[in-house]
Amino acid sequence: MEHIALPSIVVLDFGSQYTQLIARRIREQNVFSVVLPCTAKLDEIRGYNPVGIILSGGPCSVYDVDAPPADPEVLKLGLPVLGICYGLQFMTHTLGGTVHAASKREYGHAEVTVLESSALFVGLPETLSVWMSHGDEADTLAPGFRLVARTTSAVAAIENVAAGYYAVQFHPEVHHTKFGTSLLKNFVFGICKAQPSWTPQRFIDSTIAQIRETVGEGRALCAISGGVDSSVAATLVHRAIGDRLTCVFVNNGVLRKDEYAKVQHNLRTKLKLNIDAVDATDRFLSKLAGVSDPERKRKIIGNEFIEVFDEESQRIKREYGEVQWLVQGTLYPDVIESVSVRGPSVTIKSHHNVGGLPAKMKLKLIEPLRDLFKDEVRRIGRDLQMPDEMLQRQPFPGPGLAVRILGEVTPERIALLQEADDIVLTEIKRAGLYDQIWQSFAVLLPVMSVGVMGDQRTYAYTCAIRAVTSEDGMTADWVPLPHEVLKAISSRIVNEVPGINRVVYDITSKPPGTIEWE
Ligand code: XMP
């Protein structure tokens, strides 16, 4: 792929929860960056044409028996290396210094004093407020290294300029570290001499050319939801092969109010895509009848979707001829092979996306976004002149409203939730908050309570409102929505949605909650 030949910064992952952020911060500077496991072979690393290497943080100690087995030769590629947190300890330990367990674990904010002038700290103040998260610290520095910055209790930055080695104990990639991006820019541009050549337009041009070459005269299918990822992926492929791409949009009966019509309209008129809309509401709802268990609901919707899509693809093949390719909006975070230092994690929810399709349908995959983070997808979308309304759309889960209706999913409950959800979104947009919130929605609870309206007793459902901010959906904070907005939402729902007589607000972050209720 053309962009892989672009000079890059290779980030070697030692298992830190912040590793992906390092690559994102560098790409924000228009320099290509990839994340590879710390066990990556030297040839693989060289294949990315690196101009510098970053060693990430990680949860282990260099002395642990199960410390990640990185190849010390990565330090001898003749490239500048920046070690971050565990990366500093790995460099120190590997190059002949010592590391010990800190008497006091440093976690959270710390003050760092810069002692020496250094290419890494050019243009930064002498005292920095940084984010620390470590149990071990460097003790004796490796030969050739000097101390560049420290906190009151520990080594904060070291360097061996002649060898091109730099390392910091804190995390410049997290936004709590003031001037962290400036420090990374100093490494990338000042020390590695990288050029800002990774631009959206370059990505678009090379991706379209590459898809054209790969697909040739072939045909492709895409499962489209109206969400950002599938819409941008489809638009790129459409620019390459035109109407030989058919986008299948399935109504699973648990979409939001008017969404089936609105999404079709937008995709056809604004993106000019070739849309095959399939209303499979009855099939999905009859399979969901009587089912309350969250995981069973998810499985039913996932399986039924594959069935519907497969049948539709057979029909398209009969009508237009053979189809060889399937377009998917897979993003980079799903592709990065994470270093599992704690063993496989438990399944909290089985996510339904289009992952099950290729195996069943024996199609080859086109994944034009597999090198991109979500914010980069939005940038590409903007350069493709896609409307903001589509690019800023809040994420909506594959199983739709079914995971927001607790208990059985019935047509009556879907209709209630569609109305309540529409009110939530309308009021959040009216208050100008939609773009600042990761997701905002209503949840229908199977809890009936007594109320009074116009002197009449009511006995009806409860609706919960959820609004969260998040960077990637992995963690989330609940949003302290202004009381005026909550008041408008609550009063409209109880007045305009007969069947709901009580509204509550969910004030749970993730963890320990999840974003969706099921
Ligand atoms: P949870 O509820 O696990 O959600 O905190 C994290 C993010 O993932 C979305 N989500 C899904 N997206 N298929 C999807 O495509 C799914 O099955 C699914 N389940 C949850 C959720 O909306 C949130 O953004």
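Above: the structure in question.
Given the structure is predicted, the values throughout are model-derived calculations rather than measurements.

1. Points about the side chain of arginine 219
Piece 1. For arginine 219, the position within the fold is in the loop between α6 (200-215) and β10 (220-223).
Piece 2. No salt bridge forms around the buried arginine 219; measuring N to O, its nearest opposite-charge neighbour aspartate 243 is 7.8 Å away.
Piece 3. Reaching out from arginine 219, the side chain makes a polar contact with the backbone oxygen of aspartate 243 at a distance of 3.4 Å.

2. Describing the pattern of salt bridges
Piece 1. All chains considered together, the criterion is met by 29 salt bridges.
Piece 2. Close ionic contact of arginine 315 with glutamate 319 constitutes a salt bridge, the shortest N to O distance being 2.7 Å. With a gap of 4 residues between them, arginine 315 and glutamate 319 both fall in helix α10 (residues 294-320), about one helical turn apart.
Piece 3. Looking at arginine 315, the relative accessible area reads 29%, which means it is partly exposed.
Piece 4. Counted as one network, the salt bridges with shared partners bring together Asp276, Glu312, Arg315 and Glu319.

3. Examining empty space enclosed by the protein
Piece 1. The full count for this structure, using the stated rule, is 2 cavities of 30 Å³ or more.
Piece 2. For the largest cavity, the calculated volume is near 70 Å³.
Piece 3. Lining the largest cavity we find Trp198, Thr199, Pro200, Phe203, Leu372, Glu376, Arg379 and Ile380.
Piece 4. Taken together, the elements giving at least two residues each to the lining of the largest cavity come down to α6 and α13 (374-383).
Piece 5. At 3 residues, the largest contribution of residues to the lining of the largest cavity is made by α13.
Piece 6. Looking at the lining of the largest cavity, its residues break down into 5 nonpolar, 1 polar and 2 charged.
Piece 7. Taken as a whole, the second largest cavity spans an internal volume of roughly 40 Å³.
Piece 8. What lines the second largest cavity is simply Arg256, Gln394, Pro395, Phe396, Arg404, Asp421, Leu425, Gln439, Ser440 and Phe441.
Piece 9. For the lining of the second largest cavity, the secondary structure elements donating two or more residues are α15 (411-430) and β15 (439-453).
Piece 10. Ranked by residues supplied to the lining of the second largest cavity, first place goes to β15 with 3 residues.

4. A look at the sheet that holds strand β3 (residues 50-55)
Piece 1. Read from one edge of the open sheet, 9 strands run β2-β1-β3-β4-β9-β8-β7-β5-β6, paired in mixed fashion. Looking at the sheet topology across the chains shown, the edges are occupied by β2 (32-37) and β6 (127-138). Across the sheet, the axes of successive neighbouring strands diverge by a mean angle of 25 degrees, strand direction being ignored.
Piece 2. Looking at chain direction, strand β1 (residues 8-13) and β2 are connected through 6 bridges and run parallel. Of the residues in β2, the one forming a bridge with isoleucine 9 is serine 33.
Piece 3. Sitting on the sheet, helix α4 (residues 86-94) is in contact with β3, β4 (81-84), β5 (99-114), β6, β8 (155-160) and β9 (165-168), with an inclination near 115 degrees to β4.

5. Some remarks on the packing of aromatic side chains
Piece 1. Under the criterion given, the structure shown has 10 aromatic pairs.
Piece 2. Note on tyrosine 332 and phenylalanine 373: the rings are 5.4 Å apart at their centroids and 80 degrees apart in plane angle, and the pair reads as edge-to-face. Of this pair, tyrosine 332 sits in helix α11 (residues 332-335) while phenylalanine 373 sits in the loop between β14 (364-366) and α13, and the two are 41 residues apart along the sequence.
Piece 3. When the centroid spacing of 6.3 Å and the interplanar angle of 80 degrees are considered together, the rings of tryptophan 478 and tyrosine 505 count as edge-to-face. One end of the pair, tryptophan 478, is in strand β17 (residues 477-478); the other, tyrosine 505, is in strand β18 (residues 500-505), and 27 residues separate them in sequence.
Piece 4. On the accessibility criterion, tryptophan 478 (32% relative accessible area) is partly exposed.
Piece 5. Look at tyrosine 505 and you get partly exposed, because its relative accessible area is 21%.
Piece 6. The ring of tyrosine 332 has arginine 27 sitting right over it, with the charged end atom 4.9 Å from the ring centre.

6. Re the layout of surface pockets
Piece 1. Quantified by volume, the second largest pocket comes out at close to 490 Å³.
Piece 2. Lining the second largest pocket we find 20 residues, and of these Lys262, Glu389, Arg393, Lys429 and Tyr434 sit closest to its centre.
Piece 3. Of all the secondary structure elements, the ones that give two or more residues to the lining of the second largest pocket are α8 (259-269), α14 (388-391) and α15.
Piece 4. In terms of residue count, α15 provides more of the lining of the second largest pocket than any other element does, 6 residues in total.

Conventions we followed
Residues numbered from 1 in each chain as written. Predicted model: local features only at pLDDT ≥ 70, side-chain atom pairs only at ≥ 80, totals over all residues. Heavy atoms only, no water. Helix = DSSP H or I, 4+ residues; strand = E, 2+ residues; numbered from the N terminus. Buried < 20%, exposed > 50% of the residue type's maximum accessible area, 1.4 Å probe, protein only. Lys, Arg positive; Asp, Glu negative; His and termini not counted. Salt bridge = Lys/Arg side-chain N within 4 Å of Asp/Glu carboxyl O. Polar contact = N/O pair within 3.5 Å; in protein donor to acceptor, adjacent residues only side chain to side chain. 1 Å grid on protein atoms, 1.4 Å probe; cavity = no way out; pocket = protein on both sides within 12 Å on 5 of 7 lines; lining within 4 Å. Points joined across faces, edges and corners; volume = space filled by probe spheres on them. Nonpolar A, V, L, I, M, F, W, Y, C, P; charged D, E, K, R; others polar. Pairing = 2+ DSSP bridges. Axes fitted to C-alpha atoms, helices over the stretch in contact; angles between N-to-C directions. Contact = heavy atoms within 4.5 Å. Phe/Tyr/Trp six-rings, centres within 6.5 Å; stacked < 30°, edge-to-face > 60°. Lys NZ or Arg CZ within 6 Å of the ring centre and 35° of its normal.

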